[in-house]
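Each chain, letter by letter, is given below.
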Amino acid sequence: EKGTYPHYMLKEIDEQPLVMRKIIQAYQDINGDLAIDSDIVKAMNDADRIYIVACGTSYHAGLVGKQMIEQLAEIPVEVHVASEMGYNMPLLSKKPLFIFISQSGETADSRAVLVKVKELGYKAITITNVPGSTLSREADYTLLLHAGPEIAVASTKAYTAQIAVLSILASVVGKKADLDLVHELGIVANAMEVLCDSKEEFEKMAFEYFTVTRNAFFIGRALDYYVCLEGALKLKEISYIQAEGFAGGELKHGTIALIEDGTPIVALATQENVNWSIRGNVKEVVARGANPCIISMKGLDTNEDRFVIPEVHELLTPLVSVVPLQLLAYYAALHRDCDVDKPRNLAKSVTVE
Ligand code: M6R
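The shown structure was predicted, so the numbers you read here are calculated from the model rather than taken from an experiment. (Residues numbered from 1 in each chain as written. Predicted model: local features only at pLDDT ≥ 70, side-chain atom pairs only at ≥ 80, totals over all residues. Heavy atoms only, no water.)

Visitor: For this particular structure, what's the right way to read the overall build of the protein chain?
Guide: Scanning the protein chain from N- to C-terminus turns up 13 helices and ten strands. Whereas a compact globule of 353 residues would reach a radius of gyration of roughly 20 Å, the protein chain reaches 19 Å, a difference of no more than 12%. Across its three principal axes, the protein chain shows a C-alpha extent of roughly 55 × 45 × 45 Å. A buried classification covers 59% of the 353 residues belonging to the protein chain. Taking contacts inside the protein chain between residues at least 6 apart in sequence as the whole, the part at least 24 apart equals 76%. Carbon and sulfur atoms form 50% of the exposed surface of the protein chain, whose accessible area is close to 14,600 Å². Between the mean site of the 33 positive side-chain charges and the mean site of the 47 negative ones, the protein chain shows a separation of 3 Å. (Helix = DSSP H or I, 4+ residues; strand = E, 2+ residues; numbered from the N terminus. Rg over C-alpha atoms; globule rule 2.2 N^0.38 Å. Buried < 20%, exposed > 50% of the residue type's maximum accessible area, 1.4 Å probe, protein only. Contact = heavy atoms within 4.5 Å. Areas by Shrake-Rupley, 256 points an atom, 1.4 Å probe, with all protein chains shown as cover. Lys, Arg positive; Asp, Glu negative; His and termini not counted. Charge placed at Lys NZ, Arg CZ, Asp CG, Glu CD.)

Visitor: What should I look at first to understand helix α2 (residues 16-26) in this one?
Guide: Counting along an α-helix, one turn takes 3.6 residues, and residues three or four places apart therefore face a common direction. Among the residues making up α2, those that are buried are Gln16, Pro17, Val19, Met20, Ile23 and Ile24. Around the axis of α2, the buried residues are gathered within 160° of arc, so they sit on the same side. On its buried side, α2 packs onto α1 (8-14), α8 (157-174), α9 (181-196) and α13 (317-335). (Arc of directions from axis to C-beta.)

Visitor: How should the state of the cysteines be read in this particular structure?
Guide: Under the criterion given, the structure shown has zero disulfides. Cys293 provides the cysteine sulfur closest to Cys196, a residue in no disulfide bond, and the two sulfurs are 17 Å apart. Cys196 sits in the buried class, given a relative accessible area of 6%. Cysteine Cys338 shares no disulfide, and the gap to the nearest cysteine sulfur, in Cys293, comes to 19 Å. Using a relative accessible area of 14% as the deciding quantity, one classes Cys338 as buried. (Disulfide = S-S within 2.5 Å.)

Visitor: Please clarify how the environment of Val308 should be interpreted in this entry.
Guide: Within the secondary structure, Val308 sits in strand β10 (residues 307-309). Judged by relative accessible area, Val308 falls into the partly exposed class, the value being 30%. Separated by twelve residues in the primary sequence, Val308 and Ser296 place their C-alpha atoms 4.9 Å from one another. Excluding anything up to four places from it in sequence, Val308 contacts Ser296, Met297, Lys298 and Asp301.

Visitor: Help me understand the nonpolar core, please; the structure alone is not making it clear to me.
Guide: Across soluble globular proteins, nonpolar side chains show a tendency to be buried alongside one another. By size, the foremost hydrophobic cluster in this structure holds 103 residues, and its most contacted members are Ile69 and Phe210. Phe210 has contacts with Met205, Ala216, Phe218, Leu235, Ile241, Pro264, Val266, Leu328, Ala332 and Arg336, leaving out every residue within four places of it along the chain. (Core = buried A, V, L, I, M, F, W, Y, C linked by side-chain atoms within 4.5 Å.)

Visitor: Looking at this structure, I do not really get the site of the ligand. What am I missing?
Guide: Ser58, Ser102, Ser104, Thr107 and Glu237 are the nearest of the 13 residues found near the ligand. Within the side chain of Ser102, a nitrogen or oxygen atom sits 2.6 Å from an oxygen atom of the ligand. At 2.8 Å, a backbone N or O of Ser155 approaches an oxygen atom of the ligand. For the ligand, whose unbound accessible area comes to 420 Å², protein coverage reaches 90%. The cavity that encloses the ligand is the largest pocket. Top contributing element to the shell around the ligand by residue count: helix α4 (residues 56-73), with three residues. (Near = heavy atom within 4 Å. Polar contact = N/O pair within 3.5 Å; in protein donor to acceptor, adjacent residues only side chain to side chain. 1 Å grid on protein atoms, 1.4 Å probe; cavity = no way out; pocket = protein on both sides within 12 Å on 5 of 7 lines; lining within 4 Å. Sits in = over half its atoms within 2 Å of the grid points.)

So this is what it looks like as structure tokens:
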């Protein structure tokens, strides 16, 4: 039930801090340490390469998961769009392990790949919100999201839950002693709360940037780039503004031709090693008339930034930086009188290939 909320999407955005805390609890052992089923850890350690398979928002979570698994567990990872992989299987490594990410666990494109993977005799893990779903039943192992039912077509809390579970998986397999993930995810939950309490500001920003525009771009580098893909998907899905996410350095290789006077450009700046290069990319588009909206992280901020998010661990920034983008999309859709929870042409789960 959406209770006093006008839309499920807003309720689900607001639930994210609680979902983080539920996930921490669900994956803690009796000593309070994060733990993952030992068969899953063994399957990860036995693999020479991991193939993440997903669609839409879950694919975007997979891109973040790749960074986490490669950095913390030091296993190479490829991320594939399910509908492509089904018909165009890449050359697989000798000991592949597959991770399917799906909120619903019912997405037909992902299932078609899982069926092939099982025919080939390889092992698969499903990360899903729905116990007993098709992808969960047909995979060897399941990791649950504990996000509670997600009703709005635009996925929000499932995305952050997927990333949180992937971070736990990566850190348990990687056994990195210098990362206290329970503590860091707690900081993330608190930061999410601060963002959810800043709704008025995001409503104002959405009004300012997205009320009349036909298009919008999201730029970022490294992890921020992946969050930009998700921010753009959220905006186009529910507000029908044509929005695209780009790697900051890639715009000048073509897309910059689309920048006109007033084109909104949302830039994320949460990664220290690319902070100055993304700001350079913003200057390039501003010189062509773009209307910039820089969302940075505390410690990396400058006085040109439109919003500064609280500081969290560098690898966990997507969990936090996506929240402003979800809220911007939500308020943009409201300002444009769109049906937030049930956007045109879309269904909650896509059960046809
Ligand atoms: O249930 P799944 O995670 O497998 O769904 C995948 C996509 O269909 C889904 O994420 C879709 O992109 C959402 N509508 C995005 O908000």
